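Tertiary structure, described
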Amino acid sequence: MGARVITVTSGKGGVGKTTVTANLSVALAALNKKVVAIDADIGLRNLDVILGLENRIVYDLVDVVEGRCKLRQAMIKHKSYPDLYLIPAAQTRDKTAISPADMVDIAQKLREDYDFILIDSPAGIERGFRNAVAPADEVLIVTNPEVSAVRDADRIIGLLEAEEKGPGQLILNRLKMDLVKRGEMLSTNDVVEILSIKIIGVVPEDETVLTSSNKGEPAAGDPNSKAGQAFRNIARRLLGEDVPLMALDQEQSFLKRLSRLFSGNSAGMG
Amino acid sequence: MSSLIDRLLGRSSTGSAKIAKERLQLVLVHDRLDLSPEKLKEMEEEILAVISKYVQIDRENVEITVEQRKRDSWLVADIPLAVDDSRG
C-alpha cells in the first residue's frame, strides 16, 4: 500500500490545478514527506515550469508508458526539496498516448517507496481526466468563487461519484475577501452550501502566486506569502492535523452575526 | 435594520454574489438531473394527468419542486385533492 495517491482536478481550466498540485507537493515535501508529482496533462505540460524544473527534463510520462526509459529515469529530483520528484508530461503527444490502466500501473510501482503521489489532472471530463483519476485514492477538486467554475466542479463531483471516487474534497482558490465583503463574490459558505462537499482549504487571491510561478518557486516555500500559508495548511490537513480554515471569512461572519442580532432585535420591537 | 447595516458597511443586499448563488442553485438542479426545465414541466403535467384519471386535483395549489438534500435530489410533490362538496 504505502503512498496515498491524490488527484487534483477541476473540470474547468484555469482555476489553479497546477498551482495547487505544485504547492501541495512542495508543502508536503517540506514536512519531510516523500512526494512524487505527476503531470498528467499530456500535450500541455506545465507542472515543470511552476516547480522550476523545466530545464532538467530528459524523459517524460509517455516515455515510461512506451518503455523508452525506466520509471526512475523519468523522475526529476527537486534541488530545494530532496524528497520531491516530478514526472513530467509529454509535450508533443496527446491524451490518448496513455490509458487509465497505465496510470494505475505507474502509481502502483511508486506506492511502496513514497508517501504521496500527487497527480495534476488536465481540464475537461474526457480521457485525460479519466487517466488522472483512475489511480486516485483521494481527489481534490479545485474551484474559484465564480459561476462557471462552481458549475463545472459540481459536474466533476457527479462524475467522481459515478466512478466511486467521490465526492472528494474542495479547494476554493483565488478568493477575494474585499469582494466577498461587498457581496459581489460568492463566499466560502456559499460555495460549500451549493456543492455540499467537504472543504479542505481556501486560498486567497494573492499576487505572490504569480510572482513565485514567474520564478519557478512555489509560494508554499515563501513564509511571507498568504497563499503559501493556505497551501501549507492544506498539506497539514492532508496529514490529519486539525488546522482551522484561515480567518479570511471571519470579519464577514462576525458582521453577519451582528446584523442578524440587530434585525432580530428590531423584529422583537416591531 | 440589517439592510441599514449592509448599507453602512457598503454591502449591497442585492449584490451580484446573491444572484450568482441563486442562479447556480437553479442550474445545478437541472444539471444533476440531466433534465431541462421544459422536460421537468412535461413530466409534472404527465404525473398530474395520471392522478387526475382517478381523483380530482386542486390544480391551483399544486406544488412540485426538486429539492436538494446534500448532494441528492428529491422530487417533492404537494398535490391537494379537490373535495367534492356536493356528495354527502
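All of the points below concern the structure found in this document.

Broken down by element type, chain A carries 11 helices and 8 strands. In terms of overall dimensions, chain A is globule-like: its C-alpha atoms have a radius of gyration of 19 Å, near the 18 Å expected for 270 residues. In terms of principal-axis extent, the alpha carbons of chain A reach across some 80 × 40 × 30 Å. Taken across its 270 residues, chain A has 53% of its residues classed as buried. Counted over contacts in chain A with a minimum sequence separation of 6, partners at least 24 positions apart contribute 75%.

Looking now at the packing of aromatic side chains. As enumerated under the stated definition, the model contains 1 aromatic pair over all chains in all. Here the aromatic rings of Tyr85(A) and Tyr114(A) are separated by 5.7 Å at their centres, their planes lie at 75°, and the arrangement is edge-to-face. Taken together, the residues span a long stretch of sequence, with Tyr85(A) in strand 4 (residues 84-87) and Tyr114(A) in the loop between helix 4 (100-111) and strand 5 (116-120) at a distance of 29 residues. The same class applies to Tyr85(A) as to Tyr114(A), namely buried. Above the plane of the ring of Tyr114(A) lies Lys34(A), whose end atom (NZ or CZ) is 5.5 Å from the centre. The ring of Trp74(B) has Arg69(B) lying over it, and the distance from NZ or CZ to the ring centre is 4.0 Å.

What follows covers the sheet that holds strand 3 (residues 76-77) of chain A. Residues and elements named next belong to chain A. The 8 strands are arranged 3-4-2-5-1-6-7-8 in an open sheet whose pairing can be described as mixed. Strands with a single pairing partner mark the edges of an open sheet, and in this sheet they are strand 3 and strand 8 (199-204). As judged from the 5 bridges shared by strand 1 (residues 4-9) and strand 5, these two strands associate in the parallel manner. Note that in strand 5 the partner of valine 8 across the bridge is aspartate 120.

Let us now look at the pairing of strand 8 of chain A. One face of the sheet, then the other: side chains in a regular strand alternate in exactly this way. Residue and element names in this part refer to chain A. With 6 of 6 residues buried, strand 8 lies mostly within the body of the structure. With 5 bridges connecting them, strand 7 (residues 169-175) and strand 8 associate as parallel partners. Following the sheet pairing, leucine 175 is matched in strand 8 by proline 204.

Here the focus is unusual backbone geometry. Cis geometry is adopted by the peptide bond preceding Pro167(A), which originates at Gly166(A) and carries an omega value of 0°. Inspection of the secondary structure puts Pro167(A) in the loop between helix 6 (147-162) and strand 7. Backbone geometry places Asn32(A), a non-glycine residue, at a positive phi of 65°. By the secondary structure assignment, Asn32(A) is in the loop between helix 1 (17-30) and strand 2 (35-39). For Asn32(A), a relative accessible area of 61% puts it in the exposed group. Notably, Asp34(B) is not glycine yet its phi reads approximately 55°, a positive angle. Within the element layout of this structure, Asp34(B) appears in the loop between helix 2 (16-33) and helix 3 (37-52).

Criteria and thresholds
- Residues numbered from 1 in each chain as written.
- Chains lettered and ligands numbered in written order.
- Predicted model: local features only at pLDDT ≥ 70, side-chain atom pairs only at ≥ 80, totals over all residues.
- Heavy atoms only, no water.
- Helix = DSSP H or I, 4+ residues; strand = E, 2+ residues; numbered from the N terminus.
- Rg over C-alpha atoms; globule rule 2.2 N^0.38 Å.
- Buried < 20%, exposed > 50% of the residue type's maximum accessible area, 1.4 Å probe, protein only.
- Contact = heavy atoms within 4.5 Å.
- Phe/Tyr/Trp six-rings, centres within 6.5 Å; stacked < 30°, edge-to-face > 60°.
- Lys NZ or Arg CZ within 6 Å of the ring centre and 35° of its normal.
- Pairing = 2+ DSSP bridges.

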